[in-house]
Amino acid sequence: MVATRETVEAVDEAVGKYKYGFSTDIESEKAPKGLSEDTVRFISAKKNEPEWLLEWRLDAFRRWLNMEEPDWAKVNYPKIDYQDAYYYSAPKSDDDRPKSLDEIDPKILETYDKLGIPLVEQMALAGIAVDAVFDSVSVATTFKERLAEAGVIFCSFSEAVQDHPELVRQYLGTVVPVTDNYFATLNSAVFSDGSFVYVPKGVRCPMELSTYFRINEADTGQFERTLIIVEDGAYVSYLEGCTAPMRDEHQLHAAVVELVCLEDAEIKYSTVQNWYPGDEDGNGGIYNFVTKRGDCRGDNSKISWTQVETGSAVTWKYPSCVLRGDNSVGEFYSIAISNNLQQVDSGTKMIHLGKNTSSRIISKGISAGRSSSTYRGLVSVHKKAEDARNFTQCDSLLIGDRCSAHTVPYIESKNPSAILEHEATTSKLSEDQLFYCRQRGLDEEEAVALLVNGFCRDVLQQLPMEFAVEAQKLVGISLEGSVG
Amino acid sequence: MSDQALTYLDANSVATEGPAWLDVRRKAAHASFADAGFPHRRVEAWRYTDLSRLMAKTDWHPAAPHDGAVLVPEGRSNPFSSIASHKLVFVNGFFRQDLSELDGLPEGVEILPLETALERGTKFESAFDANGPEAMAPIAALNTACARDGAVIRLNEGITLEQPVQLIHYTPDGGATVAHTRNVIELGSGASMTLLEAQIGWGGAYLVDRVTNLNLGERASLTHVRLEDEDTDAVHLSTVLGDVASNASYKANTLALGGRAGRLQSALHFTGEGAHAESNTAYLLRETQHLDSTIVVDHAVPGCTSGALAKGVLDDEAIGVFQGKVIVAPHAQKSDAKQMSNALLLSRDAAMNAKPELEIYADDVQCAHGSTIGELDGDALFYLRSRGIEEQTARQMLISAFLGDVLEQISHEVARDALTERATQWFEVKKEGEV
């Protein structure tokens, strides 16, 4: 490969430059810097992908060239130079994948420990199968046998392409089409890896599936692609947790998540996102442009999104539900916390197409420091969506007088039997409540954490237990330094 | 550059031969509108009302003066006619001295057509400079470039005008005619008045575009009651751009019934603490009518309160739009803003779009908005039916109660009854249609 020498040099250059945080200096294999058809071919070849997938990527890439970066979101960031990033990096030991934890590079495990994600402990403690994405390639997948017994497929996206190409081909891009938006199209061209879940008919997934995403390699755009297919009457709960080491370079992250929910099926998708938000002056931090969408394709299906967003310098994320099947249900529970100079533009779309569909949106935005937080959401009821029902509540909490909170809901109804309700409030942290907590002996930061946790309770309750504990801590940590 | 806008401006803009201060502004507005063009659905603030498409017909031309008797169709007359008032009447956008009543104005009160004021050398620089927020700027520019007349109402400091002022616009002639008018209303400190405005048309396809620049001094108070009852083939644009100084108050209540498509938009900007502004709109639409109610309230200073309420009843294939935006500037602490949009869909083919926005940069504020869209409450209807009330009457009772939130707030009693009566008539047309 022409790129090999260049790649080695690039790695050498990148390693040793780390000044901040605790990036692991394991050898990576990178695609040459920049984005071109060759990059796409390189990634596809690296992954030994079938011809149809390469064509699919190239088609996306060609379309992407003619698209314009969207600017409607209420976020400001310097123009991204797409030619100044690496689009692929994988731990060197790619060919020789570890079969168990013992085989995993101890340095990787160490990094997880520093981040407070003791992989070993978690496996033992919670019985969670962890598909840890270290940079772009999965390095550890556990509890596979137990899942296999139930008939559940839970593996990295690359493995799925090799082992279950028919499923991937059938569903890939059917929820988020190639041309859906600028970032989704980019992802379609250069996606590196991600998770693949398939739950067959009537199976209730025996455990919660969890993936920890990490961004580790400097200047590496990360393009995860996740596809979850849940067949008739099946159920899965999927947890996605994200942490990243500190670094001084902006990093681009453009993931695509597609959920396919068939008749009587249910998907619960929970996210805790705690990527590096940049320092107090807004230097560094991750750009997070994510397209997440679930398709309630079958009748009586249900998709529930729960997210706790505390990280990233810029967040652009709208997990959505297409309520196609009759009686299908979509839910969106969100906590978005922004501090310092973070910018969040997040919300959801609920598209009611089927009869008796219902959706519920609970969004809690907390802004502190000089941050900006925007809820942007769409509830759309189409003509045939008889008796559709939506309830939306967006509350914003402001801490300090230099932050801002915005609400931009779009509510569209074309059916008279639909009932849509939307309410939003914006207020500041109550002085009285703070005072009460203080006089009971809590210091100011503890008091704020307690009150904010109370404000977020409706959403925190929706998280699976393991996540709820972590998320509550995160709420407190994210707001450190926001008062006083 | 937009060809559509250029063609339109060629036919309808005013020649720049007025006073120098105005010519400069007209030229700038001409250039600005030629550049921006008619807003279309890809312009965020117009995504639900595609004015460019509505104006796609190219033969728009200025309306001619109408000098004869104005024969208002039955049931469409000026609802405020029984109220003793100072009165300005415009027909096809032209002032009609003979129909107006401007005698006996008290000292310190100026009520006259804009054209006359301009002839007298009065300058309205700040009014013509106010283009409002981005959402409204293209229409303000269009109006500046094309409006030749309108109403000027000015009250000196401390004047309380006992009689209301009526501003009545009739549009009897259609056929792709356009009428642009510009109103300038300035109330000095502590002045107060009631403005009763009616726009009534039956001429078929026409465009009326009215921009009203409001300037309320400290402690001034303006009560604004409006009826919009244009022809169901007409396009109407009504823009209020207001500056509200400290402790001043602006209260608007509007009943909208007419038009093929309409946009009632207000931009209210607080310039001093303790000010209050509210704009409430009730609209009743049927067939393929489209009404867009857009309001932007800019809490630029601390301690102001604002409210916006829109109540829509949509029958047949009508489409309602509510766009609200509250902006609270940094340091505008103790702001209190409320917004609510309620819509009733009476038919399978009606549709409603709501976009209530908050943009908040200060922390010690109370801001809330809400939106509901649905049909008449089946339980309430059943209750009334079970008390022996026939369905049509029961529905009407519920809808009247629904609209009451806007109409009952009208403080001028006669005006309130007159508009309530108009809303009731709306049902009767429906009833006849059904029988």
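As shown above, the structure is provided for reference.
Residues numbered from 1 in each chain as written. Chains lettered and ligands numbered in written order. Predicted model: local features only at pLDDT ≥ 70, side-chain atom pairs only at ≥ 80, totals over all residues.

**Observations regarding the overall build of chain A**
Within chain A one finds 13 helices and 24 strands. By the burial criterion, 56% of the 484 residues in chain A qualify as buried. Across chain A, the fraction of contacts at a sequence separation of at least 24, relative to all contacts at a separation of at least 6, is 83%. (Helix = DSSP H or I, 4+ residues; strand = E, 2+ residues; numbered from the N terminus. Buried ≥ 20, exposed ≤ 12 C-beta atoms within 10 Å, placed from the backbone. Contact = placed C-beta atoms within 7 Å.)

**Brief notes about the interface of chain B and chain A**
Each partner contributes to the interface: chain B provides 32 residues, whereas chain A provides 30 residues. Elements with a contribution of two residues or more to the side of chain B that touches chain A: β19 (351–360) and β20 (366–374) of chain B. Of all the elements, β19(B) adds the most residues to the side of chain B that touches chain A, at 10 residues. When its residues are assigned to classes, the side of chain B that touches chain A shows 15 nonpolar, 9 polar and 8 charged. The sheet contact formed by strand β23 (residues 404–413) of chain A and β19(B) spans 6 bridges and is antiparallel. Note that in β19(B) the partner of A405(A) across the bridge is I360(B). (Nonpolar A, V, L, I, M, F, W, Y, C, P; charged D, E, K, R; others polar. Pairing = 2+ DSSP bridges.)

**Quick look at the environment of S188(A)**
All names here are of chain A. Here S188 lies in helix α9 (residues 182–190). The spacing of S188 and G278 is 90 residues in sequence and 27 Å in space, taken between C-alpha atoms. Among all residues touching S188, those that are not within four sequence positions of it are R57, A60, G173 and V178.

**Overview of helix α8 (residues 391–407) of chain B**
Note that an α-helix has 3.6 residues per turn; residues three or four places apart therefore point the same way. Residue and element names in this part refer to chain B. Helix length check: α8 (17 residues) gives 23 Å between terminal C-alpha atoms against 24 Å at 1.5 Å per residue, within 8%. At A401, α8 shows its largest bend, some 25°. Where α8 is concerned, the buried positions are A394, R395, I399, L403, V406 and L407. (Expected span 1.5 Å × (residues − 1). Bend = angle between axes of the 7 residues up to and from the residue.)

**Quick look at the pairing of strand β15 (residues 314–317) of chain A**
Within a regular strand, side chains alternate between the sheet's two faces. Residues and elements named next belong to chain A. What you see with β15 is no split at all: V314 and W316 on one side and T315 and K317 on the other are buried throughout. The pairing of strand β13 (residues 286–296) with β15 spans 4 bridges and is classified as parallel. Across the sheet, residue N288 finds its bridge partner in β15, namely T315. One ladder, built from 4 bridges, connects β15 with strand β18 (residues 343–346); its direction is parallel. Paired with V314 across the strands is Q343, a residue of β18.

**Concerning the nonpolar core**
Within the largest apolar cluster, 242 residues are counted, with the highest numbers of intra-cluster contacts made by V197(A), I228(A), V230(A), V236(A) and I267(A). If we skip the residues at most four places from it in the chain, I267(A) touches I228(A), V230(A), V236(A), Y238(A), L259(A), C261(A), G294(A) and I303(A). If you look at the next biggest cluster of nonpolar residues, it comprises 9 residues, including V178(B), Y206(B), L207(B) and V235(B). (Core = buried A, V, L, I, M, F, W, Y, C linked by C-beta atoms within 7 Å.)

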